[in-house]
Amino acid sequence: MLLDEMPSRSDHPIGSERTEGSPVPGDNREAARLRELALWYRVFAERAGNPTISEARLHMAEELEREADRVPRVNGESQPVAAESVGAPRAIDPRTRLLLEAPILPTLLRLAWPNIAVMLVMASTGLIETWWVSRLGTDALAGIALVFPLYMMMQMLSAGAMGGGISSAIARALGGGRRADADALVLHAIVINLTIGIVCSALVLVFGPVLYRTMGGEGASLKAALDYSNIVFAGTVLVWLMNALASVIRGSGNMWVPSVWICVGVVLLVPLSPLLIFGLGPVPALGIAGAGAAVVATTALTALALGWYIAAGRSVAHFRWARLRWASFADILRVGAVASISTFQTSLAVLLTTGLVGVAAGPEAIAGYGTGNRLEFLLVPLVFGLGAPLVALVGTNIGAGQKERALRIALTGGVIAFALSEAIGLAAAIWPTAWLGLFDDHPRMLAAGAAYLRHVGPAFGFFGLGLSLYFASQGAGRLLWPLSAGLVRLVIAVGGGWLAFWLVGTVDAIFAALAAALVTYGVMLSAAVASGVWFWRPLGAVFANGIFARRGLAR
């Protein structure tokens, strides 16, 4: 594909200095052919408008030069290069070819529906767990509402942010034909997520009590929060490991295997959670701590199954021991680290708003807001079901230089995510007590939760739209606009919510600010992506090649 773009020989830096078939002093003809091809790739890298494509072409040039150095000689003549030479056309895995060539909408839906189905199962099971905990009383429900935003942040960081960085890096490597790099990235992904998981676990175990008090936890609700938090965050490193392994597999376009095994773990959680909460026979009743123990046990099982799948060589990207390289870490972190900032913004907005609601109306209002907000948070795994294929599809197509197709994939996914999220939000706004009444019947809890859903529910579609484009931007390796839109959302939600409460004095004003923040987030990000910001040249290229050179997708 890249060879079809070759510039004329007059553009070649050495094209005018020798004719076809002329001898190359000090080198043999086969090595010279490889070096010349490497030089073409360097020319292409300089002309590429996208850093991701430029990096892939430079990497190919380096491989060709190394291959030229390895060409054997006999009496000064080169021997034939093996059929699998770097310069030869590379065989593309059928799953990768599907991502590059199949019709967009059917392919996206076919890849997304198993993910969406399993995420709906996970969401349903999470609700069942919350329902069981609610049987322990309003204080237990308020306690889990304090912990839930922090635990969801861990899930979003490990699966959506760093997981997206892992999937994006592997997808771009496979799309560019760099199978060895894709294999090496598996080990790097595991090292990154295990390290971050250990650090996060230690931070929450040490500073959790202070955080929950700051958010409004007190008395029995604070005790319940700590009983649950200490268990789930002691085992949160398993969440990071599980999501690293799942992201490796998703990066190759395989959505089925992670979905099936996560679904198995979730199904096991349904009977295990009430068993450990209330006890049965020789199993003691652990209360709210039992809910946390059930989560840790099923996560460990899922991580074990996914690890076996990769170690057995059944994934397109194989696990192999390799020397750890900063370049491979950077390939994941330059997407995952920036995406983590976006996830922190989302979670920080919920944490600060929870504290604001607690100061304004007390623990019962926290329980109502937390229960209503759980529905918004459950949109994250739902849209992630669509977002994981978006990362693989967009990343693979950009790695192969197919920019227009990558953009069409992203916008198609955004429309689907908006429709799904908006349908849920409108239903919740029309019938709020149908949701809230599943968990508690305390009047102040129901009033706060209903106010939240009536104000914010109609804006859920914009949240789904922005979130899907955030995942697509991970695949593109361009996260400046998702980061900017997330920052604007945080300012409107927290700063606007505080100002609205100060002026009006009701929690309804806080919820109105939250709705405005979601609408702004979705509109801002969709407008940016549709305008083609992924493919605008970086400032360095603008000044190097001319400020007035035309910007466009086909560069």
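For the structure itself, look to the data block above.
A short tour of the structure in this document, coming up. No experiment lies behind these values; they were computed from the predicted model shown.

Counting secondary structure elements, the chain contains 19 helices and two strands. Looking at the 555 residues of the chain, the share that counts as buried comes to 56%. Nonlocal contacts in the chain, meaning residues at least 24 apart in sequence, comprise 82% of its contacts between residues at least 6 apart. Carbon and sulfur atoms form 67% of the exposed surface of the chain, whose accessible area is close to 22,500 Å².

Once that is clear, we can look at the side chain of threonine 299. Within the secondary structure layout, threonine 299 lies in helix α10 (residues 288-311). On the basis of relative accessibility, which here comes to 9%, the residue threonine 299 falls in the buried class. Ignoring sequence-local partners within four residues, the contact set of threonine 299 consists of Leu238, Val239 and Met242.

A few words on the side chain of serine 421. Note on placement: serine 421 falls in helix α13 (residues 403-430). The exposure class assigned to serine 421 is buried, which follows from its relative accessible area of 0%. Engagement of the side chain of serine 421 in a polar contact is seen with the backbone oxygen of alanine 417, the distance being 2.9 Å. Contacts of serine 421, omitting those with residues within four sequence positions, involve Leu379, Val383, Phe460, Gly461 and Gly464.

A few words on the packing of aromatic side chains. Here the structure, examined in full by the defined rule, presents seven aromatic pairs. Look at tyrosine 151 and phenylalanine 233: their rings are 6.1 Å apart centre to centre, the planes differ by 80 degrees, and that puts the pair in the edge-to-face class. Of the two residues, tyrosine 151 is situated in helix α5 (residues 138-175) and phenylalanine 233 in helix α7 (residues 219-234); the sequence distance between them amounts to 82 residues. Each of the two residues, tyrosine 151 as well as phenylalanine 233, counts as buried. Between phenylalanine 319 and tryptophan 321, the ring centres sit 5.3 Å apart and the planes meet at 80 degrees, which makes this aromatic pair edge-to-face. Sitting over the ring of tyrosine 521, arginine 489 keeps its end group 5.8 Å from the ring centre.

Here we come to the environment of alanine 406. With respect to the helices and strands, alanine 406 occurs in helix α13. Between the C-alpha atoms of alanine 406 and valine 394, which are 12 residues apart in sequence, the distance is 4.8 Å. Residues in contact with alanine 406, not counting those within four places in the same chain, are Val394, Asn397, Ile398 and Trp534.

This next bit is on the nonpolar core. The nonpolar side chains of a soluble globular protein tend to be buried, and buried together. Membership of the largest hydrophobic core comes to 143 residues, with the highest contact counts inside it found for Tyr212, Phe233, Tyr470, Phe511 and Trp534. At 22 residues, the largest contribution of residues to this core is made by α5. Residues contacting phenylalanine 233, with those up to four places away along its chain left out, are Val147, Leu150, Tyr151, Met154, Ser201, Val204, Leu205 and Tyr212.

Turning to a nonpolar patch on the surface, a few remarks are in order. On the surface, Trp113, Trp256, Val260, Trp261, Val264, Leu268 and Leu301 cluster together into a nonpolar patch covering about 630 Å² of accessible area. Broken down by element, the residue count for the nonpolar patch peaks at five residues, all from helix α9 (residues 256-278). Position of leucine 268 relative to the elements: it lies in helix α9.

This paragraph deals with helix α6 (residues 179-214). Between its first and last C-alpha, α6 extends 49 Å over 36 residues, near the 52 Å set by a 1.5 Å rise per residue. The largest bend in α6 amounts to roughly 60 degrees and is located at phenylalanine 207, with the proline proline 209 lying one to four residues further along. One or two residues past the end of α6 sits glycine 216, with phi positive at roughly 110 degrees.

This next bit is on the packing of α13 against helix α16 (residues 460-476). For the pair α13 and α16, the least separation of the axes is 7 Å and the interaxial angle reads 150 degrees. Between α13 and α16, the angle is such that the two are roughly antiparallel. Every pair of crossing elements has a handedness; the one defined by α13 and α16 is right-handed. Here Ala410, Gly413, Gly414, Ala417, Phe418, Ser421, Glu422 and Gly425 of α13 lie close against α16, whose contacting residues are Phe460, Gly461, Phe462, Gly464, Leu465, Ser468, Leu469 and Ala472.

Where charged atoms of side chains with opposite charge meet at close range, the side chains can pair. Going through the model one piece at a time under the given rule, you end up with two salt bridges. The salt bridge involving aspartate 227 is made with lysine 223; its shortest N-O contact spans 2.9 Å. With aspartate 227 and lysine 223 both in helix α7 and four residues apart, the pair spans about one turn of that helix. Overall, aspartate 227 belongs to the partly exposed group, its relative accessible area being 30%. Residue lysine 223 is classed as exposed on the basis of its relative accessible area of 54%. For arginine 334, the salt bridge is made with aspartate 331, and the minimal N-O distance between the two is 3.6 Å. Taken together, the residues arginine 334 and aspartate 331, both in helix α11 (residues 326-361) and three residues apart, mark about one turn of the helix. Of the residues examined, arginine 334 reaches a relative accessible area of 32% and is grouped as partly exposed.

Attention now moves to the packing of helix α17 (residues 480-504) against helix α18 (residues 507-530). Where α17 meets α18, the closest approach of the two axes is 8 Å, and the angle between their N-to-C directions is 160 degrees. It follows from the interaxial angle that α17 and α18 lie roughly antiparallel. Considering only the axes of α17 and α18, their crossing is right-handed. When its residues are assigned to classes, the contact of α17 with α18 shows 20 nonpolar, five polar and one charged.

Criteria and cut-off values
- For every chain, the first residue of the written sequence is number 1, and numbering continues from 1 along that sequence.
- Totals for whole chains, interfaces and linings use every residue, but because this is a predicted model, local features are given only for residues with pLDDT of at least 70 and side-chain atom pairs only at 80 or more, for both listing and counting.
- Side-chain descriptors were evaluated using all non-hydrogen atoms of the structure, hydrogens and water having been removed beforehand.
- Secondary structure elements are defined from DSSP: runs of H or I of at least 4 residues count as helices, runs of E of at least 2 residues count as strands, and each element is numbered from the N terminus.
- Each residue gets one of three labels from its accessible area relative to the maximum for its type: buried under 20%, exposed over 50%, partly exposed in between, using a 1.4 Å probe on protein chains only.
- Contacts: residue pairs with any heavy atoms within 4.5 Å of one another.
- In these tables, accessible area is a Shrake-Rupley quantity obtained with a 1.4 Å probe, and a residue counts as shielded only by the protein chains included in the view.
- Each polar contact in these results corresponds to two N or O atoms within 3.5 Å; when the atoms are within protein, one needs to be able to donate a hydrogen and the other to accept it, and residues that are neighboring in sequence are counted only if both atoms are side-chain atoms.
- By convention, a stacked pair of Phe, Tyr or Trp rings (six-membered ring in the case of Trp) has centres within 6.5 Å and planes under 30 degrees apart, an edge-to-face pair has planes over 60 apart, and any other such pair is tilted.
- Lysine and arginine charges are scored as sitting over a ring when NZ or CZ, respectively, is within 6 Å of the ring centre and within 35 degrees of the ring normal.
- Within this scheme, the nonpolar core is defined by two criteria: the residues are buried Ala, Val, Leu, Ile, Met, Phe, Trp, Tyr or Cys, and they are joined through side-chain atoms within 4.5 Å.
- For patches, a residue must show more than 30% relative accessible area and have no salt bridge; joins then use 9 Å for like charges and 5 Å for nonpolar side chains, namely Val, Leu, Ile, Met, Phe, Trp and Tyr.
- What counts as a salt bridge is simple: a side-chain nitrogen of Lys or Arg found within 4 Å of a carboxyl oxygen of Asp or Glu.
- Under the convention used throughout, the expected extent of a helix is 1.5 Å for every residue step, that is, one less than its residue count.
- By definition, a residue's bend is the angle between the axes fitted to the seven residues ending there and the seven starting there.
- Every axis corresponds to a line fitted to the C-alpha atoms, with the helix fit spanning only the stretch in contact, and the corresponding angles, defined between N-to-C directions, vary from 0 to 180 degrees.
- Working rule for angles: under 35 degrees goes down as roughly parallel, over 145 as roughly antiparallel, 65 to 115 as roughly perpendicular, anything else as oblique.
- By definition, any crossing whose near helix is turned counterclockwise from its far helix by less than a right angle is left-handed, and any crossing with a clockwise turn is right-handed.
- Ten residues, namely Ala, Val, Leu, Ile, Met, Phe, Trp, Tyr, Cys and Pro, are considered nonpolar, four, namely Asp, Glu, Lys and Arg, are considered charged, and the remaining ones, Gly among them, are considered polar.

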